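What follows is the residue order along each chain.
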Amino acid sequence: MDDAVRRTARRSDDIYEALRRAIVTGEIRPNQPLIELDLAAQLGVSRTPVRECLQRLVIAGLVVPRKRGWAVREFTVEEMQENAEVRAGLEGYAAYLAAARGSQQAIDKIVTLHRSRLTLRAGDEQLRLQTNRDFHDAIMQAAGNQRLKDAIYNSGQFYFNGTIARLMMGEELAQGNADHALIVEAIVARDSPRAEQAMRAHIERTFSVYRRVTQAMPAG
């Protein structure tokens with residue numbers, strides 16, 4: 001593969017990841033139209049790679065084609081619950097593996113990320129979102145299973161986005177940190193079954209908060 005092909009592939013992947021991240025974090029809202037020309041201008045590229053990435057996002061289940069373009073797919077609460085159940089199983093096993101075989105360096109990184117989140121305030125939505133992803137990513141990395149990591153990536157993180165983060169109350173933030181503390185404690189202790197159970201319980205509880213908050217949100 002020559003350098004030009006590599007650069008094109010890398011650029012396409014970067015565009016895809018940028019659009020995917022904007023969708024799963026709620027920056028681009030469900031049912032929001034996706035205009036190829038506008039996206040190309042925002043990303044500083046031509047329409048062709050944008051169109052190709054939108055087609056990939058259709059296959060990934062995040063975008064739907066419309067008569068005159070594209071739009072972000074809106075998931076039902078039932079679909080989101082199914083996604084949370086899948087994610088609980090996958091990330092639970094990732095925590096199991098992290099405790100069983102994660103290197104000391106990888107586990108130290110998990111501990112450091114957890115401690116850094118304890119100082120965040122309720123108004124730091126973007127930082128909370130990023131550090132939450134970093135924490136979960138560090139556990140996936142410690143698990144040392146690329147196929148598992150890919151499966152978790154493909155399941156997305158639809159239920160914890162900027163809108164939800166802004167609406168979560170202080171006690172819910174504290175509970176999230178307490179959940180993470182239990183996961184960290186089990187991984188540090190190399191207690192795989194306890195780490196798996198703690199992660200599953202965390203994701204299930206987080207989804208229950210998502211359901212409550214979204215049901216309280218005004219329509220439209």
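As a reminder, the structure under discussion sits directly above these lines.
Only a predicted model underlies this, so the values are computations on that prediction, with no experimental measurement involved. (Residues numbered from 1 in each chain as written. Predicted model: local features only at pLDDT ≥ 70, side-chain atom pairs only at ≥ 80, totals over all residues. Heavy atoms only, no water.)

A closer look at unusual backbone geometry
Here is the rule: Numbering of helices and strands starts at the N terminus; helices are DSSP runs of H or I of at least 4 residues and strands are runs of E of at least 2. Residue exposure (1.4 Å probe, protein chains only): buried if accessible area is under 20% of the type maximum, exposed if over 50%, otherwise partly exposed.
Look at Asn 31: it is not a glycine, yet its phi comes out positive at around 75°. With respect to the secondary-structure elements, Asn 31 resides in the loop between helix H1 (3-24) and strand E1 (33-34). What makes Asn 31 partly exposed here is its relative accessible area of 36%. In the Ramachandran plot, Arg 190 falls in the positive-phi region, its phi being about 60° despite a non-glycine side chain.

Focus on the environment of Tyr 96
So the rule is basically this: Should any heavy atoms of two residues lie within 4.5 Å, those residues are considered in contact.
With respect to the element layout, Tyr 96 can be found in helix H4 (residues 77-101). Taking the C-alpha atoms as reference points, Tyr 96 and Ser 192, separated by 96 residues in sequence, lie 4.3 Å from one another. When near neighbours in sequence (up to four residues on either side) are disregarded, Tyr 96 contacts Ser 192, Pro 193 and Glu 196.

Structural notes on helix H5 (residues 104-117)
The condition is simple: Here the expected length of a helix is defined as 1.5 Å per residue gap, with one fewer gap than residues. Along the arc lie the directions from the helix axis toward the C-beta atoms.
Counted at 1.5 Å a residue, the expected span for H5 with its 14 residues is 20 Å, and the 20 Å between its end C-alpha atoms agrees. For H5, every residue scored as buried is listed here: Ala 106, Ile 107, Ile 110, Val 111, Leu 113, His 114 and Arg 117. Along the axis of H5, the buried positions cluster into a sector of 165°, meaning they face one direction only. With respect to the buried face of H5, the exposed residues turned more than 90 degrees away are Gln 105, Lys 109, Thr 112 and Arg 115.

A short note on the nonpolar core
Condition: What we call a nonpolar core is a set of buried Ala, Val, Leu, Ile, Met, Phe, Trp, Tyr and Cys residues that are connected through their side-chain atoms within 4.5 Å.
One finds Ile 110, Phe 135, Ile 139, Ile 183, Ile 187, Ala 195 and Met 199 to be the most contacted residues of the largest nonpolar core, which totals 21 residues. Elements represented by at least two residues in this core include exactly H4, H5, helix H6 (125-143), helix H9 (170-188) and helix H10 (192-216). Among the elements that make up this core, the one with the highest residue count is H5 (5 residues). When residues no more than four places from it in sequence are discounted, the contact partners of Phe 135 are Ile 110, Leu 113, His 114, His 180, Ile 183 and Val 184. Ile 15, Leu 39, Ala 40 and Val 45 belong to the second-largest nonpolar core, a separate cluster that totals 19 residues.

Some words on helix H3 (residues 47-59)
A rise of 1.5 Å per residue sets the reference length of H3, with its 13 residues, at 18 Å; its end C-alpha atoms lie 19 Å apart and thus fit the reference within 8%. Inspection of H3 places Pro 49, Val 50, Cys 53, Leu 54 and Leu 57 among the buried residues, and these make up the whole buried set. Here the buried residues of H3 occupy an arc of 140° about the axis, which is enough to place them on one side. A positive backbone phi angle near 85° is found at Gly 61, which sits one or two residues after H3.

Digging into the sheet that holds strand E2 (residues 63-66)
Put simply, the test is: When DSSP locates at least two bridges between a pair of strands, those strands are taken to pair.
Strand order in the open sheet formed by 3 strands is E1-E3-E2, with antiparallel pairing between adjacent strands. Edge positions in the sheet fall to E1 and E2, since each of these pairs with one other strand and no more. Of the pairings in the sheet, the one linking E2 to strand E3 (residues 69-72) comprises 4 bridges and is antiparallel in character. Directly across from Pro 65, in E3, lies its bridge partner Trp 70.

A few points about the pairing of E3
As paired strands, E1 and E3 are joined by 2 bridges and run antiparallel to one another. Along E3, the bridge assignment pairs Pro 33 with Ala 71.

Re the pattern of salt bridges
Filter applied, for reference: Salt bridges are counted wherever a side-chain nitrogen of Lys or Arg sits within 4 Å of a carboxyl oxygen of Asp or Glu.
A complete count under the given rule lists 9 salt bridges for this structure. Put simply, Asp 191 and Arg 194 hold a salt bridge, and the shortest N to O gap is 3.1 Å. Here Asp 191 falls in the partly exposed class, since its relative accessible area comes to 27%. Residue Arg 194 is classed as partly exposed on the basis of its relative accessible area, which comes to 32%.

A closer look at the packing of helix H2 (residues 36-43) against H3
The following threshold applies: Lines are fitted to the C-alpha atoms to define the axes, a helix being fitted only along its stretch in contact, and any angle between axes, read from their N-to-C directions, falls within 0 to 180 degrees. When describing relative orientation, an angle under 35 degrees is termed roughly parallel and one over 145 degrees roughly antiparallel, while 65 to 115 degrees is termed roughly perpendicular and anything else oblique. It is the rotation of the near helix from the far one that decides the hand of a crossing: anticlockwise by less than a right angle makes it left-handed, clockwise makes it right-handed. Polar here means any residue outside two lists: the nonpolar Ala, Val, Leu, Ile, Met, Phe, Trp, Tyr, Cys and Pro, and the charged Asp, Glu, Lys and Arg; Gly therefore counts as polar.
Put simply, H2 and H3 touch, their axes get as near as 9 Å, and they point 115° apart. When the interaxial angle is binned, H2 and H3 end up roughly perpendicular. In the crossing of H2 with H3, the sense of the turn from one axis to the other is right-handed. Touching Glu 36, Leu 37, Leu 39, Ala 40 and Leu 43 of H2 are Arg 47, Val 50, Arg 51 and Leu 54, all from H3. Residue composition of the contact of H2 with H3, by class: 6 nonpolar, no polar and 3 charged.

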